[in-house]
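Given next are the chains, with one letter for each unit.
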Amino acid sequence: PITAIWEDGIFKVGNKFAKTFRFTDINYLVAGKEDKETMFLCYSELLNSLDSGATTKLTINNRRINKVNFEKEILIPKVGDELDCYREEYNNILLDKASNANGIIQEKYLTVSVVKKDIEEARTYFSRIASDLRAHFSALGSKCEKLDATEKLRLLHDFYRAGEEESFRFDLSDMMKKGHNFKDYICPDSMERADDYIKLGEKYVRVLFLKDYASYIKDSMVSELTELNRNIMFSIDIVPIPMDEAVREVENRLLGVETNITNWQRKQNQNNNFSAVVPYDMELQRKESKEFLNDLTTRDQRMMCATVTMAHMADSKEQLDADTETILSTARRHLCQLAVLKFQQTDGLNTVLPIGCKKIQATRTLTTESLAVFMPFKVQEVAHEHGIYYGQNAISNNMIIANRKCLLNGNSFILGVSGSGKSFTGKCEIANLMLAGDSDIIIIDPEREYAPLVNAMGGAIIDISATSKNHINAMDMNSDYGDGEDPLILKSEFILSLCEQLIG
(Lines give C-alpha, C1' and ligand atoms only; values in the text may rest on other atoms or scores of the structure.)
Protein backbone atom coordinates (compact mmCIF):
# COMPACT_ATOMS: atom_id res chain seq x y z
CA PRO A 1 0.00 0.00 0.00
CA ILE A 2 3.01 2.41 0.13
CA THR A 3 2.78 4.87 -2.79
CA ALA A 4 5.67 7.29 -2.04
CA ILE A 5 8.61 7.69 0.34
CA TRP A 6 10.75 10.65 1.43
CA GLU A 7 14.33 10.55 2.73
CA ASP A 8 13.38 11.73 6.24
CA GLY A 9 11.23 8.60 6.76
CA ILE A 10 7.74 9.89 5.87
CA PHE A 11 5.78 7.32 3.85
CA LYS A 12 2.61 7.98 1.82
CA VAL A 13 0.13 5.15 2.45
CA GLY A 14 -3.14 5.62 0.53
CA ASN A 15 -4.34 9.13 1.40
CA LYS A 16 -2.34 9.26 4.66
CA PHE A 17 1.18 10.26 5.60
CA ALA A 18 2.94 7.96 8.10
CA LYS A 19 6.10 8.28 10.19
CA THR A 20 7.70 5.69 12.46
CA PHE A 21 9.58 6.26 15.74
CA ARG A 22 11.74 3.73 17.57
CA PHE A 23 11.63 3.69 21.40
CA THR A 24 13.87 1.82 23.82
CA ASP A 25 12.71 -0.70 26.39
CA ILE A 26 12.57 -0.12 30.16
CA ASN A 27 12.92 -2.55 33.08
CA TYR A 28 9.19 -2.97 33.69
CA LEU A 29 8.93 -6.68 34.55
CA VAL A 30 11.74 -6.56 37.14
CA ALA A 31 10.48 -3.36 38.83
CA GLY A 32 8.79 -3.34 42.25
CA LYS A 33 5.04 -2.83 42.68
CA GLU A 34 5.25 0.93 43.32
CA ASP A 35 7.60 1.50 40.37
CA LYS A 36 5.30 -0.54 38.13
CA GLU A 37 2.34 1.63 39.14
CA THR A 38 4.33 4.79 38.36
CA MET A 39 5.35 3.40 34.94
CA PHE A 40 1.75 2.34 34.24
CA LEU A 41 0.45 5.85 35.01
CA CYS A 42 3.19 7.45 32.84
CA TYR A 43 2.30 5.08 29.98
CA SER A 44 -1.41 5.97 30.43
CA GLU A 45 -0.47 9.66 30.13
CA LEU A 46 1.40 8.86 26.91
CA LEU A 47 -1.72 7.14 25.49
CA ASN A 48 -3.90 10.07 26.60
CA SER A 49 -1.62 12.47 24.72
CA LEU A 50 -2.18 10.72 21.37
CA ASP A 51 -3.87 12.91 18.77
CA SER A 52 -7.51 11.99 18.04
CA GLY A 53 -7.07 13.14 14.41
CA ALA A 54 -4.41 10.47 13.75
CA THR A 55 -4.10 6.68 13.95
CA THR A 56 -1.27 5.36 16.13
CA LYS A 57 0.23 1.89 15.81
CA LEU A 58 2.39 0.34 18.55
CA THR A 59 4.58 -2.46 17.16
CA ILE A 60 6.79 -5.02 18.90
CA ASN A 61 9.19 -6.68 16.48
CA ASN A 62 11.04 -9.88 17.43
CA ARG A 63 13.91 -10.50 15.07
CA ARG A 64 16.70 -13.02 15.17
CA ILE A 65 20.24 -11.81 15.85
CA ASN A 66 22.32 -11.96 12.66
CA LYS A 67 24.91 -14.63 13.49
CA VAL A 68 27.68 -13.20 11.27
CA ASN A 69 27.37 -9.66 12.71
CA PHE A 70 26.98 -11.03 16.23
CA GLU A 71 30.19 -13.08 16.05
CA LYS A 72 32.03 -10.16 14.46
CA GLU A 73 31.04 -7.92 17.39
CA ILE A 74 31.63 -10.21 20.38
CA LEU A 75 34.45 -12.59 19.36
CA ILE A 76 38.06 -11.53 20.01
CA PRO A 77 40.13 -11.47 16.79
CA LYS A 78 43.50 -13.29 16.75
CA VAL A 79 46.62 -11.13 16.41
CA GLY A 80 49.34 -13.78 15.96
CA ASP A 81 51.06 -13.57 19.37
CA GLU A 82 51.53 -16.10 22.18
CA LEU A 83 48.10 -15.19 23.67
CA ASP A 84 46.14 -16.57 20.66
CA CYS A 85 45.58 -19.91 22.42
CA TYR A 86 43.75 -18.04 25.21
CA ARG A 87 41.76 -16.02 22.65
CA GLU A 88 40.57 -19.21 20.97
CA GLU A 89 39.50 -20.73 24.30
CA TYR A 90 37.72 -17.51 25.35
CA ASN A 91 35.88 -17.36 21.98
CA ASN A 92 34.72 -20.96 22.45
CA ILE A 93 33.30 -20.02 25.87
CA LEU A 94 31.47 -17.02 24.34
CA LEU A 95 30.02 -19.15 21.50
CA ASP A 96 28.86 -21.73 24.04
CA LYS A 97 27.08 -18.98 26.02
CA ALA A 98 25.60 -17.54 22.80
CA SER A 99 24.13 -20.94 21.82
CA ASN A 100 22.28 -21.07 25.19
CA ALA A 101 20.96 -17.52 24.72
CA ASN A 102 17.58 -16.62 23.27
CA GLY A 103 19.04 -15.15 20.07
CA ILE A 104 16.08 -12.78 19.63
CA ILE A 105 16.26 -8.97 19.71
CA GLN A 106 13.01 -7.21 20.56
CA GLU A 107 12.54 -3.78 18.98
CA LYS A 108 9.65 -1.42 19.63
CA TYR A 109 8.14 1.09 17.22
CA LEU A 110 5.38 3.68 17.23
CA THR A 111 3.87 4.67 13.84
CA VAL A 112 1.66 7.74 13.49
CA SER A 113 -0.45 8.10 10.31
CA VAL A 114 -2.52 11.20 9.53
CA VAL A 115 -4.41 12.75 6.59
CA LYS A 116 -2.74 15.99 5.43
CA LYS A 117 -2.91 18.10 2.25
CA ASP A 118 0.77 17.86 1.31
CA ILE A 119 4.21 16.74 2.54
CA GLU A 120 5.08 20.14 4.07
CA GLU A 121 2.00 20.06 6.32
CA ALA A 122 2.82 16.47 7.25
CA ARG A 123 6.44 17.43 8.13
CA THR A 124 5.29 20.24 10.42
CA TYR A 125 2.79 17.91 12.12
CA PHE A 126 5.34 15.10 12.66
CA SER A 127 8.01 17.45 14.07
CA ARG A 128 5.47 18.64 16.69
CA ILE A 129 4.41 15.06 17.46
CA ALA A 130 8.09 13.99 17.76
CA SER A 131 8.89 16.50 20.52
CA ASP A 132 5.69 15.54 22.38
CA LEU A 133 6.49 11.80 22.20
CA ARG A 134 10.10 12.41 23.24
CA ALA A 135 8.94 14.18 26.42
CA HIS A 136 6.47 11.42 27.35
CA PHE A 137 8.92 8.56 26.69
CA SER A 138 11.60 10.43 28.64
CA ALA A 139 9.25 10.51 31.66
CA LEU A 140 9.09 6.70 31.38
CA GLY A 141 12.88 6.41 31.23
CA SER A 142 12.81 5.45 27.54
CA LYS A 143 14.37 7.17 24.51
CA CYS A 144 12.39 7.91 21.36
CA GLU A 145 14.02 8.58 17.98
CA LYS A 146 12.78 9.06 14.40
CA LEU A 147 13.47 6.48 11.72
CA ASP A 148 14.66 7.72 8.33
CA ALA A 149 13.67 6.01 5.06
CA THR A 150 16.68 3.66 4.99
CA GLU A 151 16.12 2.43 8.58
CA LYS A 152 12.40 1.88 7.97
CA LEU A 153 13.02 -0.01 4.72
CA ARG A 154 15.66 -2.13 6.52
CA LEU A 155 13.01 -3.05 9.10
CA LEU A 156 10.60 -4.18 6.34
CA HIS A 157 13.42 -5.93 4.42
CA ASP A 158 14.49 -7.90 7.52
CA PHE A 159 10.90 -9.09 8.02
CA TYR A 160 10.21 -10.01 4.37
CA ARG A 161 13.62 -11.54 3.80
CA ALA A 162 14.41 -13.22 7.12
CA GLY A 163 17.90 -14.76 6.97
CA GLU A 164 19.08 -12.33 4.25
CA GLU A 165 19.67 -9.33 6.52
CA GLU A 166 23.24 -8.92 5.25
CA SER A 167 22.09 -8.32 1.66
CA PHE A 168 20.24 -5.05 2.38
CA ARG A 169 21.61 -2.17 0.31
CA PHE A 170 19.66 1.04 -0.24
CA ASP A 171 20.68 4.43 -1.63
CA LEU A 172 17.71 6.70 -2.36
CA SER A 173 19.50 9.06 -4.77
CA ASP A 174 21.01 6.10 -6.66
CA MET A 175 17.55 4.47 -6.94
CA MET A 176 16.08 7.69 -8.33
CA LYS A 177 18.88 8.03 -10.89
CA LYS A 178 18.31 4.48 -12.13
CA GLY A 179 14.52 4.82 -11.96
CA HIS A 180 14.23 1.72 -9.76
CA ASN A 181 11.33 1.05 -7.39
CA PHE A 182 12.31 0.73 -3.70
CA LYS A 183 9.90 -2.22 -3.36
CA ASP A 184 12.16 -4.39 -5.55
CA TYR A 185 14.88 -4.22 -2.88
CA ILE A 186 12.78 -5.16 0.15
CA CYS A 187 10.05 -7.51 -1.09
CA PRO A 188 10.49 -11.31 -1.05
CA ASP A 189 11.29 -13.18 -4.26
CA SER A 190 7.89 -14.89 -4.22
CA MET A 191 4.63 -14.62 -2.29
CA GLU A 192 2.07 -17.44 -2.19
CA ARG A 193 -1.29 -16.79 -0.54
CA ALA A 194 -3.30 -19.54 1.16
CA ASP A 195 -6.56 -19.17 3.12
CA ASP A 196 -4.82 -19.07 6.55
CA TYR A 197 -1.13 -18.36 5.87
CA ILE A 198 1.26 -16.65 3.43
CA LYS A 199 4.50 -18.09 2.07
CA LEU A 200 7.14 -15.34 1.77
CA GLY A 201 10.01 -16.87 -0.20
CA GLU A 202 10.92 -19.98 1.82
CA LYS A 203 9.31 -18.78 5.07
CA TYR A 204 5.72 -19.29 6.28
CA VAL A 205 3.82 -16.43 7.96
CA ARG A 206 0.44 -16.48 9.69
CA VAL A 207 -1.49 -13.44 10.96
CA LEU A 208 -3.76 -13.68 14.03
CA PHE A 209 -6.07 -11.11 15.58
CA LEU A 210 -7.45 -10.67 19.09
CA LYS A 211 -11.07 -11.77 18.77
CA ASP A 212 -12.31 -11.78 22.36
CA TYR A 213 -10.98 -9.88 25.38
CA ALA A 214 -11.16 -10.99 29.01
CA SER A 215 -12.79 -8.70 31.58
CA TYR A 216 -9.48 -8.76 33.51
CA ILE A 217 -6.10 -8.94 31.75
CA LYS A 218 -2.65 -9.09 33.38
CA ASP A 219 -0.01 -6.58 32.27
CA SER A 220 2.35 -9.47 31.44
CA MET A 221 0.17 -10.77 28.60
CA VAL A 222 1.96 -8.98 25.74
CA SER A 223 5.43 -10.03 26.97
CA GLU A 224 4.24 -13.66 27.25
CA LEU A 225 2.76 -13.59 23.73
CA THR A 226 5.98 -12.18 22.25
CA GLU A 227 8.51 -14.32 24.14
CA LEU A 228 8.35 -17.16 21.57
CA ASN A 229 11.79 -17.75 20.00
CA ARG A 230 10.60 -16.84 16.47
CA ASN A 231 10.37 -13.80 14.18
CA ILE A 232 7.19 -12.11 15.44
CA MET A 233 5.45 -8.81 14.68
CA PHE A 234 2.81 -7.72 17.26
CA SER A 235 0.80 -4.53 16.63
CA ILE A 236 -1.90 -2.52 18.40
CA ASP A 237 -3.75 0.03 16.23
CA ILE A 238 -5.09 2.86 18.40
CA VAL A 239 -7.70 5.40 17.27
CA PRO A 240 -8.46 7.87 20.12
CA ILE A 241 -12.04 9.25 20.09
CA PRO A 242 -12.46 13.01 20.78
CA MET A 243 -13.71 13.58 24.34
CA ASP A 244 -16.96 15.35 23.42
CA GLU A 245 -17.93 12.58 20.96
CA ALA A 246 -17.04 9.86 23.50
CA VAL A 247 -19.10 11.43 26.31
CA ARG A 248 -22.06 11.98 23.95
CA GLU A 249 -21.89 8.36 22.77
CA VAL A 250 -21.80 6.92 26.31
CA GLU A 251 -24.62 9.23 27.44
CA ASN A 252 -26.75 8.02 24.53
CA ARG A 253 -26.01 4.38 25.45
CA LEU A 254 -26.91 5.05 29.09
CA LEU A 255 -30.12 6.76 28.02
CA GLY A 256 -31.00 3.72 25.89
CA VAL A 257 -30.42 1.36 28.83
CA GLU A 258 -32.55 3.52 31.16
CA THR A 259 -35.34 3.60 28.54
CA ASN A 260 -35.28 -0.22 28.28
CA ILE A 261 -35.50 -0.55 32.10
CA THR A 262 -38.39 1.97 32.26
CA ASN A 263 -40.32 0.12 29.50
CA TRP A 264 -39.74 -3.21 31.27
CA GLN A 265 -41.02 -1.80 34.60
CA ARG A 266 -44.08 -0.27 32.85
CA LYS A 267 -44.96 -3.71 31.41
CA GLN A 268 -44.61 -5.31 34.85
CA ASN A 269 -46.85 -2.62 36.39
CA GLN A 270 -49.51 -3.25 33.71
CA ASN A 271 -49.49 -6.90 34.82
CA ASN A 272 -49.96 -5.73 38.45
CA ASN A 273 -46.46 -6.94 39.31
CA PHE A 274 -45.32 -3.91 41.33
CA SER A 275 -42.49 -5.65 43.25
CA ALA A 276 -40.56 -6.97 40.22
CA VAL A 277 -36.74 -6.66 40.40
CA VAL A 278 -34.92 -5.29 37.33
CA PRO A 279 -33.25 -8.23 35.44
CA TYR A 280 -29.55 -8.78 36.11
CA ASP A 281 -28.37 -8.13 32.53
CA MET A 282 -30.18 -4.75 32.40
CA GLU A 283 -28.82 -3.77 35.82
CA LEU A 284 -25.30 -4.76 34.71
CA GLN A 285 -25.61 -2.66 31.52
CA ARG A 286 -26.69 0.33 33.60
CA LYS A 287 -23.83 -0.14 36.11
CA GLU A 288 -21.15 -0.55 33.38
CA SER A 289 -22.43 2.43 31.36
CA LYS A 290 -22.33 4.63 34.49
CA GLU A 291 -18.78 3.43 35.28
CA PHE A 292 -17.67 4.17 31.72
CA LEU A 293 -19.16 7.68 31.86
CA ASN A 294 -17.56 8.26 35.25
CA ASP A 295 -14.15 7.14 33.85
CA LEU A 296 -14.43 9.65 31.00
CA THR A 297 -15.69 12.62 33.01
CA THR A 298 -13.86 12.37 36.36
CA ARG A 299 -10.97 9.85 36.08
CA ASP A 300 -8.98 11.39 33.19
CA GLN A 301 -9.70 8.44 30.87
CA ARG A 302 -10.23 8.59 27.12
CA MET A 303 -12.21 6.34 24.82
CA MET A 304 -9.94 4.41 22.42
CA CYS A 305 -10.72 2.05 19.56
CA ALA A 306 -8.07 -0.68 19.42
CA THR A 307 -7.25 -3.51 17.00
CA VAL A 308 -4.67 -6.12 18.05
CA THR A 309 -2.92 -8.19 15.34
CA MET A 310 0.06 -10.52 15.40
CA ALA A 311 2.16 -12.19 12.68
CA HIS A 312 4.58 -15.04 13.36
CA MET A 313 7.06 -16.71 11.02
CA ALA A 314 8.33 -20.27 10.74
CA ASP A 315 10.54 -22.36 8.46
CA SER A 316 7.90 -25.01 7.69
CA LYS A 317 4.11 -25.42 7.69
CA GLU A 318 4.28 -27.95 10.56
CA GLN A 319 6.35 -25.58 12.70
CA LEU A 320 3.92 -22.75 11.86
CA ASP A 321 0.91 -24.80 13.03
CA ALA A 322 2.70 -25.79 16.26
CA ASP A 323 3.67 -22.15 16.96
CA THR A 324 0.08 -20.99 16.29
CA GLU A 325 -1.22 -23.50 18.84
CA THR A 326 1.36 -22.31 21.42
CA ILE A 327 0.33 -18.64 20.90
CA LEU A 328 -3.41 -19.49 21.05
CA SER A 329 -2.93 -21.43 24.31
CA THR A 330 -0.95 -18.49 25.81
CA ALA A 331 -3.87 -16.17 24.98
CA ARG A 332 -6.39 -18.68 26.42
CA ARG A 333 -4.36 -18.76 29.64
CA HIS A 334 -5.18 -15.03 29.96
CA LEU A 335 -8.89 -15.76 29.10
CA CYS A 336 -8.49 -14.01 25.72
CA GLN A 337 -9.19 -15.52 22.34
CA LEU A 338 -6.86 -15.07 19.38
CA ALA A 339 -8.12 -16.25 15.99
CA VAL A 340 -6.53 -16.88 12.59
CA LEU A 341 -7.60 -14.48 9.85
CA LYS A 342 -9.34 -16.48 7.09
CA PHE A 343 -8.85 -15.23 3.51
CA GLN A 344 -7.60 -11.92 4.96
CA GLN A 345 -3.93 -12.79 5.48
CA THR A 346 -2.64 -10.11 3.07
CA ASP A 347 -4.78 -7.42 4.72
CA GLY A 348 -3.61 -8.71 8.10
CA LEU A 349 0.05 -8.52 7.03
CA ASN A 350 -0.40 -4.92 5.83
CA THR A 351 -2.08 -4.11 9.17
CA VAL A 352 0.54 -5.68 11.41
CA LEU A 353 3.59 -4.09 9.70
CA PRO A 354 4.60 -0.60 10.96
CA ILE A 355 3.68 1.24 7.75
CA GLY A 356 0.59 3.07 9.07
CA CYS A 357 -2.09 0.96 7.39
CA LYS A 358 -5.19 -0.60 9.03
CA LYS A 359 -7.25 -3.01 6.95
CA ILE A 360 -8.69 -5.34 9.60
CA GLN A 361 -12.06 -4.40 11.12
CA ALA A 362 -11.83 -6.15 14.49
CA THR A 363 -12.07 -3.08 16.69
CA ARG A 364 -12.78 -3.03 20.40
CA THR A 365 -13.69 0.06 22.46
CA LEU A 366 -11.46 0.49 25.51
CA THR A 367 -10.59 3.16 28.06
CA THR A 368 -7.01 4.41 28.44
CA GLU A 369 -6.48 2.19 31.50
CA SER A 370 -7.76 -0.93 29.72
CA LEU A 371 -5.47 -0.24 26.76
CA ALA A 372 -2.44 0.49 28.97
CA VAL A 373 -2.68 -3.10 30.27
CA PHE A 374 -1.23 -4.17 26.89
CA MET A 375 2.11 -3.01 28.24
CA PRO A 376 4.78 -3.11 25.49
CA PHE A 377 7.69 -2.76 27.92
CA LYS A 378 9.59 -5.77 29.20
CA VAL A 379 13.25 -5.49 30.17
CA GLN A 380 16.27 -3.51 28.97
CA GLU A 381 18.91 -5.33 26.96
CA VAL A 382 22.57 -4.38 27.40
CA ALA A 383 24.42 -5.02 24.13
CA HIS A 384 27.18 -2.47 23.55
CA GLU A 385 29.62 -2.68 20.66
CA HIS A 386 33.07 -4.06 21.63
CA GLY A 387 31.74 -4.86 25.11
CA ILE A 388 32.61 -7.57 27.63
CA TYR A 389 30.39 -10.58 28.40
CA TYR A 390 29.00 -10.19 31.94
CA GLY A 391 26.32 -12.91 32.06
CA GLN A 392 22.78 -13.57 30.83
CA ASN A 393 19.64 -11.49 31.26
CA ALA A 394 17.41 -13.38 33.73
CA ILE A 395 14.19 -12.51 31.84
CA SER A 396 15.07 -12.44 28.13
CA ASN A 397 17.98 -14.98 28.37
CA ASN A 398 20.06 -12.79 26.04
CA MET A 399 23.76 -12.16 26.67
CA ILE A 400 24.71 -9.02 28.64
CA ILE A 401 27.55 -7.40 26.66
CA ALA A 402 28.58 -4.12 28.29
CA ASN A 403 31.27 -1.60 27.48
CA ARG A 404 31.86 0.48 30.59
CA LYS A 405 33.34 3.30 28.48
CA CYS A 406 29.85 3.84 26.96
CA LEU A 407 28.25 4.39 30.39
CA LEU A 408 27.75 7.70 32.18
CA ASN A 409 29.93 6.40 35.03
CA GLY A 410 32.37 3.63 34.11
CA ASN A 411 33.37 2.62 37.67
CA SER A 412 32.25 -0.71 39.12
CA PHE A 413 32.22 -2.72 42.33
CA ILE A 414 31.99 -6.52 42.50
CA LEU A 415 29.97 -7.43 45.57
CA GLY A 416 28.94 -10.84 46.89
CA VAL A 417 29.20 -13.33 49.75
CA SER A 418 32.31 -15.48 50.21
CA GLY A 419 32.64 -18.09 47.48
CA SER A 420 30.13 -16.45 45.12
CA GLY A 421 32.78 -15.81 42.45
CA LYS A 422 33.95 -12.21 42.97
CA SER A 423 37.61 -12.95 42.15
CA PHE A 424 36.61 -15.14 39.19
CA THR A 425 34.45 -12.30 37.76
CA GLY A 426 37.34 -9.87 38.15
CA LYS A 427 39.78 -12.27 36.48
CA CYS A 428 37.36 -12.85 33.56
CA GLU A 429 37.11 -9.10 32.98
CA ILE A 430 40.89 -8.64 33.19
CA ALA A 431 41.46 -11.56 30.77
CA ASN A 432 38.93 -10.14 28.29
CA LEU A 433 40.51 -6.66 28.40
CA MET A 434 44.01 -8.10 27.95
CA LEU A 435 43.04 -10.34 25.02
CA ALA A 436 40.79 -7.87 23.22
CA GLY A 437 42.75 -4.62 23.44
CA ASP A 438 45.85 -2.81 24.60
CA SER A 439 44.53 -1.60 27.97
CA ASP A 440 46.91 -0.78 30.82
CA ILE A 441 45.83 -2.92 33.76
CA ILE A 442 47.19 -2.24 37.27
CA ILE A 443 46.30 -4.77 40.00
CA ILE A 444 46.94 -4.06 43.69
CA ASP A 445 46.95 -7.57 45.14
CA PRO A 446 47.81 -7.98 48.86
CA GLU A 447 46.60 -11.63 48.82
CA ARG A 448 48.82 -12.52 45.82
CA GLU A 449 45.99 -14.42 44.08
CA TYR A 450 46.33 -12.74 40.65
CA ALA A 451 50.02 -13.72 40.10
CA PRO A 452 49.29 -16.84 37.89
CA LEU A 453 46.96 -14.79 35.65
CA VAL A 454 49.51 -11.97 35.28
CA ASN A 455 52.26 -14.47 34.42
CA ALA A 456 50.04 -16.20 31.82
CA MET A 457 49.23 -12.87 30.17
CA GLY A 458 52.88 -11.83 30.06
CA GLY A 459 52.55 -9.11 32.70
CA ALA A 460 55.10 -7.80 35.24
CA ILE A 461 54.86 -8.50 38.99
CA ILE A 462 56.37 -5.90 41.32
CA ASP A 463 56.75 -7.16 44.87
CA ILE A 464 56.68 -4.40 47.52
CA SER A 465 57.54 -5.31 51.11
CA ALA A 466 60.03 -4.47 53.85
CA THR A 467 62.43 -7.17 52.57
CA SER A 468 61.94 -6.74 48.79
CA LYS A 469 64.26 -4.89 46.38
CA ASN A 470 61.43 -2.58 45.28
CA HIS A 471 60.48 0.45 47.39
CA ILE A 472 58.13 3.42 46.99
CA ASN A 473 60.04 6.72 47.26
CA ALA A 474 57.80 9.25 49.06
CA MET A 475 60.15 12.09 48.01
CA ASP A 476 59.97 11.27 44.24
CA MET A 477 58.83 14.15 42.06
CA ASN A 478 58.90 14.77 38.28
CA SER A 479 58.12 17.76 36.05
CA ASP A 480 54.42 16.76 35.61
CA TYR A 481 53.80 16.55 39.34
CA GLY A 482 50.88 18.65 40.63
CA ASP A 483 48.80 19.25 37.44
CA GLY A 484 49.88 22.89 37.05
CA GLU A 485 50.03 23.64 40.81
CA ASP A 486 53.33 24.42 42.53
CA PRO A 487 54.91 20.92 42.86
CA LEU A 488 57.17 21.88 45.82
CA ILE A 489 54.24 23.08 47.96
CA LEU A 490 52.13 19.97 47.12
CA LYS A 491 55.02 17.57 47.85
CA SER A 492 55.82 19.37 51.12
CA GLU A 493 52.18 19.04 52.23
CA PHE A 494 52.20 15.34 51.30
CA ILE A 495 55.39 14.65 53.33
CA LEU A 496 54.02 16.57 56.34
CA SER A 497 50.82 14.48 56.27
CA LEU A 498 52.89 11.29 55.88
CA CYS A 499 54.98 12.23 58.97
CA GLU A 500 51.78 12.91 60.92
CA GLN A 501 50.54 9.40 60.04
CA LEU A 502 53.89 7.83 61.09
CA ILE A 503 54.04 9.71 64.41
CA GLY A 504 50.40 8.86 65.04
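(A) Just the packing of aromatic side chains, in detail. Across all of its chains, the model carries 8 aromatic pairs by this definition. Taken together, a centroid distance of 5.8 Å and an interplanar angle of 80° make the contact between Tyr43 and Phe377 edge-to-face. In this pair, Tyr43 sits in helix α1 (residues 33-48) while Phe377 sits in the loop between α13 (368-372) and β14 (388-392), placing the two residues 334 residues apart along the sequence. Here the aromatic rings of Tyr197 and Tyr204 are separated by 5.7 Å at their centres, their planes lie at 50°, and the arrangement is tilted. Looking at Lys152, its charged tip hangs above the ring of Phe11, at a distance of 4.3 Å from the centre.

(B) Structural context of the side chain of Asn91. Considering the arrangement of structural elements, one finds Asn91 in helix α3 (residues 84-100). Assessed through its relative accessible area of 10%, Asn91 is described here as buried. Excluding its chain neighbours within four sequence positions, the residues that come into contact with Asn91 are Leu75 and Ile76.

(C) Spatial organisation of the environment of Ser52. Tracing the backbone through its elements, the reader meets Ser52 in the loop between α1 and β4 (55-64). With 34 residues separating them along the chain, Ser52 and Tyr86 place their C-alpha atoms 60 Å apart. Residues in contact with Ser52, not counting those within four places in the same chain, are Pro240, Ile241, Pro242 and Arg302.

(D) Summary view of helix α10 (residues 280-298). With 19 residues, α10 should cover 27 Å at 1.5 Å per step; its first-to-last C-alpha distance of 26 Å lies within 8% of that length. For α10, the secondary structure elements touched by its buried residues are α9 (243-270), β11 (303-314) and β13 (364-367). The first or second residue beyond α10 is Asp300, which carries a positive phi of 55°.

(E) Representation of a nonpolar patch on the surface in the model. A contiguous nonpolar surface patch, about 360 Å² in accessible area, is contributed by Ile462, Ile464 and Ile472. In this fold, Ile464 is placed in the loop between α15 (451-456) and α16 (487-503).

(F) Broad picture of the nonpolar core. Among the nonpolar cores identified, the biggest contains 59 residues, and Tyr43, Phe137, Leu140, Leu371, Phe374 and Phe377 are the most heavily contacted of them. Ranked by the residues each element gives to this core, the list is headed by helix α4 (residues 119-140), at 9 residues. In this structure, Phe374 is in contact with Tyr43, Leu210, Tyr213, Ile217, Met221, Val222, Ile236 and Leu366, ignoring residues within four places of it in sequence. Core analysis: the next-biggest nonpolar cluster, separate from the first, contains 34 residues, Phe170, Ile186, Ala311 and Ala339 among them.

(G) How the structure looks around the packing of α1 against α4. Interaxial distance between α1 and α4 falls to 9 Å at its minimum, and their mutual angle equals 170°. Compared by their axis directions, α1 and α4 come out roughly antiparallel. Residues Met39, Cys42, Tyr43, Glu45 and Leu46 of α1 lie in contact with α4, whose contacting residues are Leu133, His136, Phe137, Ala139 and Leu140. Across the contact of α1 with α4, the residue classes break down as 8 nonpolar, 1 polar and 1 charged.

(H) Geometry of unusual backbone geometry. Even without being a glycine, Leu335 presents a positive backbone phi close to 60°. Structurally, Leu335 can be placed in the loop between α11 (317-333) and β12 (337-340). Phi at Arg448 takes a positive value of approximately 60°, unusual for a residue other than glycine. Tracing the chain through its elements places Arg448 in the loop between α14 (422-436) and α15.

(I) How the structure looks around the confidence of the model for the protein chain. Mean pLDDT for the protein chain: 88, with 99% of residues reaching 70 or above. The least confident element of the protein chain, judged by mean pLDDT, is helix α2 (residues 67-74) at 72; the most confident is strand β3 (residues 16-23) at 94.

(J) Quick peek at helix α12 (residues 345-352). Of all 8 residues in α12, 6 are buried; the element is thus mostly enclosed. Within the sequence span of α12, burial applies to Gln345, Gly348, Leu349, Asn350, Thr351 and Val352.

(K) Quick peek at the pattern of salt bridges. According to the stated counting rule, one finds 29 salt bridges in the structure shown. Linking Lys178 and Asp174 is a salt bridge whose minimum nitrogen-to-oxygen distance equals 3.2 Å. Of the two residues, Lys178 and Asp174 both sit in helix α6 (residues 172-178), 4 residues apart, roughly one turn of that helix. In this structure, Arg299 engages Glu369 in a salt bridge whose closest nitrogen and oxygen atoms are separated by 2.8 Å. Residue Arg299 is located in the loop between α10 and β11, and its partner Glu369 is located in helix α13; the two are separated by 70 residues in the primary sequence.

(L) Region of interest: the packing of α9 against α10. Relative orientation of the contacting elements α9 and α10 amounts to 160°, with a least axis distance of 9 Å. Judged by the inter-axis angle, α9 sits roughly antiparallel to α10. α10 is crossed by α9, and the crossing has left-handed handedness. On the side of α9, the interface is formed by Met243, Ala246, Val247, Val250, Glu251, Leu254, Val257, Glu258, Asn260, Ile261 and Trp264, while α10 contributes Met282, Gln285, Arg286, Ser289, Lys290, Phe292, Leu293, Leu296 and Thr297. Of the residues that constitute the contact of α9 with α10, the class distribution is 12 nonpolar, 4 polar and 4 charged.

(M) Layout of the side chain of Ser468. Within the secondary structure, Ser468 is located in the loop between α15 and α16. Ser468 sits in the buried class, given a relative accessible area of 11%. Of the polar contacts made by the side chain of Ser468, one reaches the backbone oxygen of Asn470; its length is 3.1 Å.

Reading the values: the criteria
- Residues numbered from 1 in each chain as written.
- Predicted model: local features only at pLDDT ≥ 70, side-chain atom pairs only at ≥ 80, totals over all residues.
- Heavy atoms only, no water.
- Phe/Tyr/Trp six-rings, centres within 6.5 Å; stacked < 30°, edge-to-face > 60°.
- Helix = DSSP H or I, 4+ residues; strand = E, 2+ residues; numbered from the N terminus.
- Lys NZ or Arg CZ within 6 Å of the ring centre and 35° of its normal.
- Buried < 20%, exposed > 50% of the residue type's maximum accessible area, 1.4 Å probe, protein only.
- Contact = heavy atoms within 4.5 Å.
- Expected span 1.5 Å × (residues − 1).
- Patch = residues over 30% accessible without salt bridge, like charges linked within 9 Å, V, L, I, M, F, W, Y side chains within 5 Å.
- Areas by Shrake-Rupley, 256 points an atom, 1.4 Å probe, with all protein chains shown as cover.
- Salt bridge = Lys/Arg side-chain N within 4 Å of Asp/Glu carboxyl O.
- Core = buried A, V, L, I, M, F, W, Y, C linked by side-chain atoms within 4.5 Å.
- Axes fitted to C-alpha atoms, helices over the stretch in contact; angles between N-to-C directions.
- Parallel < 35°, antiparallel > 145°, perpendicular 65-115°, else oblique.
- Nonpolar A, V, L, I, M, F, W, Y, C, P; charged D, E, K, R; others polar.
- pLDDT = per-residue confidence, 0-100.
- Left-handed = near helix turned anticlockwise from the far one by under 90°.
- Polar contact = N/O pair within 3.5 Å; in protein donor to acceptor, adjacent residues only side chain to side chain.

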